[in-house]
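Residue-level structural notes
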Amino acid sequence: MNNITASKKIHSVEDARNLAKKRMPKLMFDFVDGASGDEKLCEINTTALDQIRLEPKVLRNVENRFLKKKFLDIDFDQPFGFSPMGMCNLTWAGADEMLAKESVTNNIPACVSMASSTSLEKMFELSEGRSWLQLYNFQENFVMELLQRAEQTGYKVAILTVDVPIQFRRAKDNKNGFTVPFKIGPKQLFDFATHPLWSLTTLLSGIPKPMNYETSKNGNKFVRSESRGATDWGTLKRVRDTWKGKLIVKGVMSPEDAVKIKDAGADAIQVSNHGGRQLDSAMAAIEALPLIRNILGKEFPILFDSGIRGGSDIVRALALGANYVMLGRPLMYGIGADGEKGLRRILDIIKDELSTALGLVGLTDVNDISSEIIAKKFIQNMKY
């Protein structure tokens, strides 16, 4: 399939997913697409969002619609940004640069994972300062080094991801032999050989490496299976005391935890179940969102991710209490399907859906979205 025809075949996120599945090696596609345990939570996230029904309003002038959104005192052109995702260049060579370029084009944040294929300094340059840095905590000296590097580079926002103290079993990765560092055997070689475009492009661009580790002054190495179980409230305090910029704590599903995190000095909370990639028996992220909004009050900043597959989902999340929404898998599906063109196509589809859904509920400004647009019958029957 050539690059001219691929993007023309993308009319939905699902289209992009199907094209990416054909174009990417199974090893890499399953890494992006897969979830934990029985993998049902990933589907439950999207199903739960889909069950939220909106109430269309008519005979309102919605000709001109406004999608700009301020979050953490930063003005953005869209109410969504790019979630942190590790080793994006495994999806397609240059994926990080594609994301950075689109963050500039759309004036939205691009989050740089601790395990990014591109260094935090390079991503900050490529995104023209729109990058946020994401951290796990399992090598604390390395975390502190990254925070220092981020401050020196000019970063204003850091994200501490706290929902991966122990990594849950991911059957597809285990079955495919996905490990970091990579171990290439006959099965993987056959997989790469039957996807020559990905393999040649990747070889020509260089095998992706976790570049924040590769550029570490302390010589830290990335070990994907390493436990982060020692992360605790003391860890949050040390990060908060060290980082003078805005601090987001990501991976929060408990209202009680949300209150404690707010009291510990975080600037925002990201409600997320890691896109279904952690505790497979957890509740849908969208179910936790209104609970956490209710306990934190109207003013505290909340981001949301997990299960977002289109513009209507963004509207739903904003209606249930999110101030800002982050995208993950749809971006990788677009890149996997057709690189830069595929990513741009997915973003155009999502923006168009978002603008259209906004108008069809009778609004012209995303900042006016509230629970009032949710169908009343649904609100009355909400389990949460």
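Residues numbered from 1 in each chain as written. Predicted model: local features only at pLDDT ≥ 70, side-chain atom pairs only at ≥ 80, totals over all residues. Heavy atoms only, no water.

1. Points about the overall build of the chain
- A tally of regular secondary structure across the chain gives 17 helices and 10 strands.
- Relative to the compact-globule value of 21 Å for 384 residues, the chain shows a C-alpha radius of gyration of 20 Å, a close match.
- Once the C-alpha set of the chain is aligned to its principal axes, its extents read approximately 60 × 50 × 40 Å.
- Counting across all 384 residues of the chain, residues that qualify as buried make up 57%.
- Accessible surface for the chain amounts to roughly 16800 Å². Of this, 53% is attributable to carbon and sulfur atoms.
- Across the chain, the mean location of the 52 positive side-chain charges is 3 Å away from that of the 46 negative side-chain charges. (Helix = DSSP H or I, 4+ residues; strand = E, 2+ residues; numbered from the N terminus. Rg over C-alpha atoms; globule rule 2.2 N^0.38 Å. Buried < 20%, exposed > 50% of the residue type's maximum accessible area, 1.4 Å probe, protein only. Areas by Shrake-Rupley, 256 points an atom, 1.4 Å probe, with all protein chains shown as cover. Lys, Arg positive; Asp, Glu negative; His and termini not counted. Charge placed at Lys NZ, Arg CZ, Asp CG, Glu CD.)

2. Considerations on unusual backbone geometry
- Although it is not a glycine, L59 adopts a positive phi angle of roughly 55 degrees.
- As for its placement among the helices and strands, L59 is situated in the loop between α4 (40-50) and β1 (69-71).
- Take L59: its relative accessible area is 89%, and that puts it in the exposed class.
- Backbone geometry places D73, a non-glycine residue, at a positive phi of 65 degrees.
- Looking at where D73 falls in the secondary structure, it is placed in the loop between β1 and β2 (74-76).

3. Focus: the nonpolar core
- Membership of the largest hydrophobic core comes to 115 residues, with the highest contact counts inside it found for W132 and I286.
- If you tally residues by element for this core, the top one is helix α16 (residues 329-360), at 13 residues. (Core = buried A, V, L, I, M, F, W, Y, C linked by side-chain atoms within 4.5 Å.)

4. Focus: the pattern of salt bridges
- Counted according to the given criterion, the structure contains 22 salt bridges.
- Between E14 and R17 there is a salt bridge whose closest N-O contact spans 3.8 Å. Placement of both E14 and R17 in helix α2 (residues 13-23) is noted, with a separation of 3 residues, approximately one turn of the helix.
- For R17, a relative accessible area of 19% translates into the label buried.
- Of the charged contacts, one joins E145 and R149 as a salt bridge, the two residues approaching to 3.7 Å between their closest N and O atoms. Linking E145 with R149, this pair stays in helix α7 (residues 140-153), spanning 4 residues, or about one helical turn.
- When salt bridges that share partners are traced, they join D50, R53, D313 and R316 into one network. (Salt bridge = Lys/Arg side-chain N within 4 Å of Asp/Glu carboxyl O.)

5. Details of empty space enclosed by the protein
- The final tally for this structure, using the stated rule, is 3 cavities of 30 Å³ or more.
- What the largest cavity holds in volume is close to 700 Å³.
- Taken together, 39 residues form the lining of the largest cavity, with P84, M85, G86, H274 and R277 sitting closest to its centre.
- When contributions to the lining of the largest cavity are tallied by element, the ones reaching two or more residues are α3 (26-33), β10 (324-327) and α16.
- Residues belonging to the lining of the largest cavity are distributed by class as follows: 19 nonpolar, 12 polar and 8 charged.
- Put simply, the second largest cavity is a space of about 60 Å³.
- Surrounding the second largest cavity, F82, S83, M85, C88, D96, L99, A110, C111, V112, S113, S116 and M123 form its lining.
- In terms of residue count, strand β4 (residues 110-112) provides more of the lining of the second largest cavity than any other element does, 3 residues in total.
- Along the lines of polarity and charge, the residues of the lining of the second largest cavity split into 8 nonpolar, 3 polar and 1 charged. (1 Å grid on protein atoms, 1.4 Å probe; cavity = no way out; pocket = protein on both sides within 12 Å on 5 of 7 lines; lining within 4 Å. Points joined across faces, edges and corners; volume = space filled by probe spheres on them. Nonpolar A, V, L, I, M, F, W, Y, C, P; charged D, E, K, R; others polar.)

6. So, the packing of aromatic side chains
- For the structure on display, the rule yields 8 aromatic pairs.
- Ring centres 4.4 Å apart and planes at 40 degrees place the aromatic pair F142 and Y213 in the tilted group. Taken together, the residues F142 in helix α7 and Y213 in helix α11 (residues 211-214) connect sequence positions 71 residues apart. The residues F142 and Y213 share a single accessibility class, namely buried.
- Both rings, one in F192 and one in W198, keep their centres 5.3 Å apart while their planes meet at 25 degrees; by these two values the pair is stacked. Here the two residues F192 and W198 agree in accessibility, since each one is buried. (Phe/Tyr/Trp six-rings, centres within 6.5 Å; stacked < 30°, edge-to-face > 60°.)

7. Some remarks on the state of the cysteines
- In the structure shown here, the tally under the stated rule is 0 disulfides.
- A disulfide-free cysteine, C42 has its sulfur positioned 16 Å from the sulfur of C88, the nearest such atom.
- In this model C88 remains outside any disulfide bridge; the closest cysteine sulfur is found in C111, 11 Å from its own.
- On the accessibility criterion, C88 (3% relative accessible area) is buried. (Disulfide = S-S within 2.5 Å.)

8. Considering the environment of K209
- Looking at where K209 falls in the secondary structure, it is placed in the loop between α10 (196-205) and α11.
- For K209 and S119, which are 90 residues apart along the polypeptide, the C-alpha to C-alpha distance reads 9.9 Å.
- Discounting residues that sit within four places of it in the chain, K209 has contacts with M87, S116, S117 and E214. (Contact = heavy atoms within 4.5 Å.)

9. Considering the layout of surface pockets
- Looking at the second largest pocket, its volume works out to about 290 Å³.
- Forming the boundary of the second largest pocket are 14 residues, of which V162, D163, W233, D257 and I261 lie nearest the centre.
- Those elements giving two or more residues to the lining of the second largest pocket turn out to be α12 (233-242), β7 (246-252) and α13 (255-263).
- Looking at the lining of the second largest pocket, the element that brings in the most residues is β7, giving 3 residues.
- Tallied by class, the residues present in the lining of the second largest pocket amount to 8 nonpolar, 3 polar and 3 charged.

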